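Structural description and commentary
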Amino acid sequence: PVRAHTLKLEVGGKGVELTVGSDTVSAERLLLAVGRTPRVENIGLDTVGIEPGETGIAIDSYCQAAENVYAVGDVTGVSNFTHVAAYQGWVAAECILGRGHETDYTAVPRVVFSDPEIAAVGLSAEQAREQGIDVATAEVDISKADRAETFGKGLKGKAGVVADRERGVL
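To start, this report covers the structure provided alongside it. Everything numeric in this text was worked out from a predicted model, so none of it was measured. (Residues numbered from 1 in each chain as written. Predicted model: local features only at pLDDT ≥ 70, side-chain atom pairs only at ≥ 80, totals over all residues. Heavy atoms only, no water.)

As for a nonpolar patch on the surface
Using the following cut-off: What goes into a patch is any residue over 30% in relative accessible area without a salt bridge, connected to like charges within 9 Å or, for nonpolar side chains (Val, Leu, Ile, Met, Phe, Trp, Tyr), within 5 Å. Surface accessibility follows the Shrake-Rupley procedure with a 1.4 Å probe radius. Residue values consider only the protein chains on display as shielding. For this document, the term salt bridge refers to a Lys or Arg side-chain nitrogen within 4 Å of an Asp or Glu carboxyl oxygen. Strands are runs of DSSP state E lasting at least two residues, helices are runs of H or I lasting at least four, and both sets are numbered from the N terminus onward. For every residue, the accessible area (1.4 Å probe, protein chains only) is compared with the maximum for its type, and the residue is labelled buried under 20%, exposed over 50%, or partly exposed between those bounds.
There is a patch of nonpolar side chains on the surface, built from Leu-9, Val-11 and Leu-30 and spanning about 300 Å² of accessible area. In this fold, Leu-30 is placed in the loop between strand S3 (23-27) and strand S4 (64-66). The class of Leu-30 is partly exposed, set by a relative accessible area of 45%.

A word on unusual backbone geometry
Positive phi, close to 65 degrees, is recorded for Cys-63, a residue that is not glycine. By the element assignment, Cys-63 lies in the loop between S3 and S4. Accessibility expressed as a relative area gives 0% for Cys-63, which makes it buried. In the Ramachandran plot, Asn-68 falls in the positive-phi region, its phi being about 60 degrees despite a non-glycine side chain. In this fold, Asn-68 is placed in the loop between S4 and strand S5 (69-70). By relative accessible area, which is 67% here, Asn-68 ends up exposed.

By themselves, these observations are geometric and do not establish any function.
Shown next as structure tokens:
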């Protein structure tokens, strides 16, 4: 993450003007996003010999943090989304029951609940190409998508897909 001190923020009828360091940026709107910090204090980790790191409790691919100790959700620092926490809970439960499933985070959906929303899942076209994948892409204006009118508020934006031509996987 880029860390800088904001020198000046002006909000007016034409939008916002943000000065960071020696750079000034003008825009219609400003989106302020702050991260999440795992809450690992006073939960008894010292009693099981776990020392959390900066991003939380380190886990292996089975969500195991130590012998007979599993960690799931935001405390792991792995994709801090509710659906990932639920998935990790399932993996940990399966492991505790002796069925030993490993985690697979290759297609974690992620979203910014803004208006309009911003969402993604899987690799970008650039990331896929970097992995040597023969990429095909397609994009559509979402206002032209079937049933877009059901959202009723001048839907704007685009939706795109990235496909692996060889394996036929989106």
